[in-house]
Protein chains: 4
Amino acid sequence: MSHNTFGHLFRMTTWGESHGPAIGCVVDGCPPGIPLTEADIQGFLDKRKPGQSRYTTQRKEADEVAILSGVFTDEETGKQVTTGTPIALEIQNTDQRSKDYGDIKDKFRPGHADYSYFVKYGVRDYRGSGRASARETACRVAAGAVARKVLPGVTIRGALVQMGPHPITRENWDWGAVDENPFFSPDPKVVSNWGEYLDSLRKEGNSCGAVIEVVAEGVPPGLGAPIYAKLDQDICSALMSINAVKGVEIGSGFATAALTGTENADRMRPGDDGEPVFLSNHAGGVVGGIATGQPIVARFAVKPTSSILTPVETVDKAGKETDVSTKGRHDPCVGIRAVPIGEAMMALVLADHFLLHRGQTGKG
Amino acid sequence: MSHNTFGHLFRMTTWGESHGPAIGCVVDGCPPGIPLTEADIQGFLDKRKPGQSRYTTQRKEADEVAILSGVFTDEETGKQVTTGTPIALEIQNTDQRSKDYGDIKDKFRPGHADYSYFVKYGVRDYRGSGRASARETACRVAAGAVARKVLPGVTIRGALVQMGPHPITRENWDWGAVDENPFFSPDPKVVSNWGEYLDSLRKEGNSCGAVIEVVAEGVPPGLGAPIYAKLDQDICSALMSINAVKGVEIGSGFATAALTGTENADRMRPGDDGEPVFLSNHAGGVVGGIATGQPIVARFAVKPTSSILTPVETVDKAGKETDVSTKGRHDPCVGIRAVPIGEAMMALVLADHFLLHRGQTGKG
Amino acid sequence: MSHNTFGHLFRMTTWGESHGPAIGCVVDGCPPGIPLTEADIQGFLDKRKPGQSRYTTQRKEADEVAILSGVFTDEETGKQVTTGTPIALEIQNTDQRSKDYGDIKDKFRPGHADYSYFVKYGVRDYRGSGRASARETACRVAAGAVARKVLPGVTIRGALVQMGPHPITRENWDWGAVDENPFFSPDPKVVSNWGEYLDSLRKEGNSCGAVIEVVAEGVPPGLGAPIYAKLDQDICSALMSINAVKGVEIGSGFATAALTGTENADRMRPGDDGEPVFLSNHAGGVVGGIATGQPIVARFAVKPTSSILTPVETVDKAGKETDVSTKGRHDPCVGIRAVPIGEAMMALVLADHFLLHRGQTGKG
Amino acid sequence: MSHNTFGHLFRMTTWGESHGPAIGCVVDGCPPGIPLTEADIQGFLDKRKPGQSRYTTQRKEADEVAILSGVFTDEETGKQVTTGTPIALEIQNTDQRSKDYGDIKDKFRPGHADYSYFVKYGVRDYRGSGRASARETACRVAAGAVARKVLPGVTIRGALVQMGPHPITRENWDWGAVDENPFFSPDPKVVSNWGEYLDSLRKEGNSCGAVIEVVAEGVPPGLGAPIYAKLDQDICSALMSINAVKGVEIGSGFATAALTGTENADRMRPGDDGEPVFLSNHAGGVVGGIATGQPIVARFAVKPTSSILTPVETVDKAGKETDVSTKGRHDPCVGIRAVPIGEAMMALVLADHFLLHRGQTGKG
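Residues numbered from 1 in each chain as written. Chains lettered and ligands numbered in written order. Predicted model: local features only at pLDDT ≥ 70, side-chain atom pairs only at ≥ 80, totals over all residues. Heavy atoms only, no water.

## So, the relation of the copies chain A and chain C
With an axial shift of 0.0 Å and an RMSD of 0.0 Å, the rotation relating chain A to chain C amounts to 180 degrees. Both chain copies can therefore be described as sitting about a two-fold axis. Taken as a fraction of all interface residues of chain A, those also at the interface in chain C reach 100%, which identifies the copy contact as same-surface. (Least-squares fit on C-alpha atoms with pLDDT ≥ 70 in both. Contact = heavy atoms within 4.5 Å.)

Here it is as structure tokens:
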């Protein structure tokens, strides 16, 4: 966790801007001998890829990943496996239209990182917001696909649980529905409403926020490194690092503030296999920073896309007042494509803590 | 950020359990030449100290800090200043009653870290929950006091904005009121209600959650190290590392999910001094992971104390079912004492990023 | 300093094998606004490039570097500058002859990393020794060129001071000679002897070791972060990480063991500008882990190339005894090409400590 | 490895000055369930303790270690074991005579860290050289004793192999002799000569350097994390971090520069148990940064003590020329007491890499 590197033992370092020749990442610390090909990664990238429906940006990025290092084809088995050395993943940028950004070259888009990057670095890379572009998240998804392979027996799934002011109905939850609608909604009944809502926003040149939920099942109990690399802390850190995220919670999250101790207690009973069974999961699978073996449940809030067609008041580089509207091809609800990104970040944290826990305790 | 160390350049490493002889921390990376005495730290510890009112635990800990290293008295000025080397802070444990814990020696308290620590480490340190005890947070408060001295011109204040299901009324906000009531409430009108609510919970052997808000003003724009040491990411990580925290948000947080892009935009206008003025602060002072110069606003949710008198179903070390109730002297609402802890974590993150930013850019 | 990442604040992460499609690195934490083009880097790569004379390997690698991210062309000045975000550098592999390695596919070359990598990772990447190949050092040289630009006023130069058993004569030292002979020798009079020695070794299918000296002048006093990131410690760590290095020393190094305290004392006298002048430099510019302002002098010993034509006894993957000789195009004295690598590592450490020192103290 | 913290997963953070109330360290990341008492540590501290013979400083430090956290007495076994949480070790300073330093308060002792610390931090802590004092190494020895317990089956031993210009005779090597003479010499025949040499130096108010060798046997093959946490790199870094060390080498070290490839090759033959047997150990047990299973052999050179009675030219804080002689009770040959320190640093690196290797590969 430092500048552009995430993780303790299983580490991802990302690089690249939306309007340079390519983006990529280096995945370091991966265990050796794990089967890995581009095909293992591409499916996850395709879920995040722009242009999958009319509800996401119409940029056309192929987002084809290449593995440039860290794998070797075993001649006996014919399988390509990880070698334990750095896995370099690279994705070419193919659809950059820098001219889309000409109008905003000297203007700071409110809510966007334009101003804060400029005030920090003194350089204004206006092309697709440079390093602050969400394009960087493609690397996370690619690295997350590698992380999943380190975690056999763990299932990580995400879903959109609120779009703008419209939440799903929890009773309708169906994991099977998630990939069958353009919003990754687990509630098939909310889909048409969300579609209409988003269409109306797009027409008025506006955008909306969202809430995403990520659930990891089959996580070995014991993962987590208290006090300052708690499992929920690192999950929270991972999700907050995603562009436009403004809040993160674990288990019952903010709602626990309104509960009493008796209501919030996740009672335990002996299970059939000797392991305890929990009668509820307010904790979201993590207590004291350590996994209990229950499903890990995290949610994060994504603010509305700040690149909108509606003009808003701002200032320019010279400090003069002006208005700005963004003509680029932007997502009306970036929260949608944040679903596979959230899953990837969860996978990265769990793989990292799997190795950390094994290192310290010898378990796993 | 690794095991028991927090921070990149300005780092705190904490150690100790509630029922050992002492607890302490090492603050490393502090700039030299900063005036520092025990008195600079003690005031903040006193705010967190148990037994300050009938609404917090009745344990009697003096919580007196000693500076064991890293300072030197300049003979010319007579001032004690930091030397740039590690500052060791130590607090003796004076009121340990291990026998309070005899009853729960072999039982896992639901919601508590008993089970998860045991499943991770295979050791059951039942005395005051060992390392998982919130007593560790005294070290954070002490280190946070040092961090504040690295940040002249920055004001960091916290307040309790919700107790159980009862929020403050934002219109009544008065920073002056915070230290004048036992709850750190910024709304003087809610105090008596909160008192009655907490009294009734205590009588029934129950507890409640809370929400705390921390605000930092005067933060230099530019602090923050994208992509994986974003300022808001590190603040959230810091707050999530506090015992019992289940959710964290920045600025308008989860509420932004329900906003549109036009509503959420923090419009900018030219200011008198050449710096832009923001017309709102939905962002909470951080955009793209970098401080804009606006106040940084973070909130975190604390779950109800899991150590309660009311018996709840659980299992013991042998895996047999039983009930557990905790007779120790516990806080009915740990959220109250979390206020100075939240402030301290904010201070630690800001001091750390102040040094990081200065290192990379030469500014500050 | 962790797996494939070097540095605290100015960090390089390298990836790639000699026989994959490419190698590269990510330079993170670089200050913004520094002019940087491929041309700034290429000259240093050319010094390390194979095939520059008959005394180095005859592989033909173009070693052309591409900057894939982290720079932006300022339209007003027309200059390409760093943005403060990760700088990805990439070099295509163009001359891989895996068939050269067919013979040794299942054999462990003594002194080579074949066996130790296999025993660690369980994968035998026999192609050019995979990740253990010195080809990785091209990335160090590229990153080192960026590091130099962070350090204006600092001059970093290296030279070969011993080849096999033949040292230079120190009285002949002439920095101007270093680039005028194929051995980077600062002593022009030793060149013909070294040439003859190396020719005879090549003919007999043998190799030799070497000692390299690196000197940094103009280093600001104060760089260094005691106790565990001492400047000389990090320099030694950097140099020891280079392939085939077996020893490192600072200043008078191992020779100080034989000196007395009076002999070894670097006496100080007042200088014209108020700064002290040292009458000798046994310390090599670093005392207590902190730079004094004197030239920093480090030396490192490189063992003889282990890939030799002469057959030596070994075992194969199946554990059976066999002989191995290496037919690839190898350097008879890898120490020669280690000169620019040593310079690069020195530059990386100094740039890193320049930022660390500025971060903690505000100086520089 | 950062400021005052050493290690990746098994980490030691030290604090304290020679003339403060105490020194100490925090050992973090230790596996749980390891039996550990003060007695396990004290024996190693006693080896390093001053005043053990007339050949070391006559300061009287009891150097009694207290374990303040991270252990728990299992009631069933009655054994005190590590809990997996931070182990705080503390040693009181009992024999500080700051007045010994009054004379040198404003003078910079050549070869000492006085000047470099002052130029870095702007604070002159003249009492026993503050943080630069070798007293800090007591913490390393204490932490190293914990590290040894993480490594069952590994034997780590050190010895003095050269005092001033007088090396041992290798043929006389007898590990049993090391603890039977005041110099940790493995060559009993050199002891009387060394004694006379040191006596004469003490009489003339002078000092001398030394070379120490540390050998680790039974190290599991595979330890080491290429490319930038190579096992030999980290050993080198660990040893260079010790006060007064000016050079480090592994295996045949600097001597390999003068060897040919055929001479330096550590030939391999099949062993009885299927593991290869090496016919020599020029590599010193590490190839490509990874342990081969052979004994790890490292040597380091310690310069002569810079605190000497003989006056030498220097400058004072005001920049004026003066002479300085040091009247404190100093070691005429600090290399002697560096033996247990070198062993401790070796233990710390090996324990750390044992956990790192287990984390990444699951082995060990």
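That shown, we press on.
## A short note on the relation of the copies chain C and chain D
After a rotation of 180 degrees and a shift along the axis of 0.0 Å, chain C superposes on chain D with an RMSD of 0.0 Å. Interface overlap between copies is the fraction of interface residues in one copy that are interface residues in the other; for chain C against chain D it reaches 100%, indicating a shared surface.

## Quick look at the confidence of the model for chain A
Residues with a pLDDT of 70 or more make up 97% of chain A, whose mean pLDDT is 93. Interface confidence in the predicted complex, given as ipTM, is 0.96; pTM for the same model is 0.97. (pLDDT = per-residue confidence, 0-100.)

## Focus: the pairing of strand β18 (residues 321–324) of chain D
Residue and element names in this part refer to chain D. Direction of pairing for strand β17 (residues 312–315) relative to β18: antiparallel, over a ladder of 4 bridges. If you follow V312 over to β18, its bridge partner there is V324. Counting the residues that bridge the hairpin from β17 to β18 gives 5 residues, and of these G319 lies at a positive phi of roughly 90 degrees. (Pairing = 2+ DSSP bridges. Helix = DSSP H or I, 4+ residues; strand = E, 2+ residues; numbered from the N terminus.)

## So, helix α7 (residues 334–361) of chain B
Residue and element names in this part refer to chain B. Under the 1.5 Å per step criterion, the end-to-end length of α7 is 40 Å for 28 residues, consistent within 8% with the ideal 40 Å. Considering bend angle alone, the principal kink of α7 is centred on P340 and spans about 35 degrees. Among the 28 residues in α7, 27 count as buried, and that is most of the element. (Expected span 1.5 Å × (residues − 1). Bend = angle between axes of the 7 residues up to and from the residue. Buried < 20%, exposed > 50% of the residue type's maximum accessible area, 1.4 Å probe, protein only.)

## Quick notes on the interface of chain C and chain D
Accessible area lost when the parts come together is the quantity often used to give the size of an interface. With 110 residues of chain C at the contact, the number on the chain D side is 110 residues. When chain C packs against chain D, close to 8300 Å² is buried across both sides, 60% of that on carbon and sulfur atoms. Where chain C touches chain D, the interface holds 4 salt bridges. Residue R269 of chain C is joined to E321 of chain D by a salt bridge in which the shortest nitrogen-to-oxygen separation is 3.3 Å. Bridge analysis of strand β11 (residues 245–250) of chain C against strand β11 (residues 245–250) of chain D gives 3 bridges, and the strand direction is antiparallel. From the neighbouring strand, V248 of chain C faces β11 of chain D, where its bridge partner is V248 of chain D. (Buried area = accessible area lost by both parts, 1.4 Å probe. Salt bridge = Lys/Arg side-chain N within 4 Å of Asp/Glu carboxyl O.)

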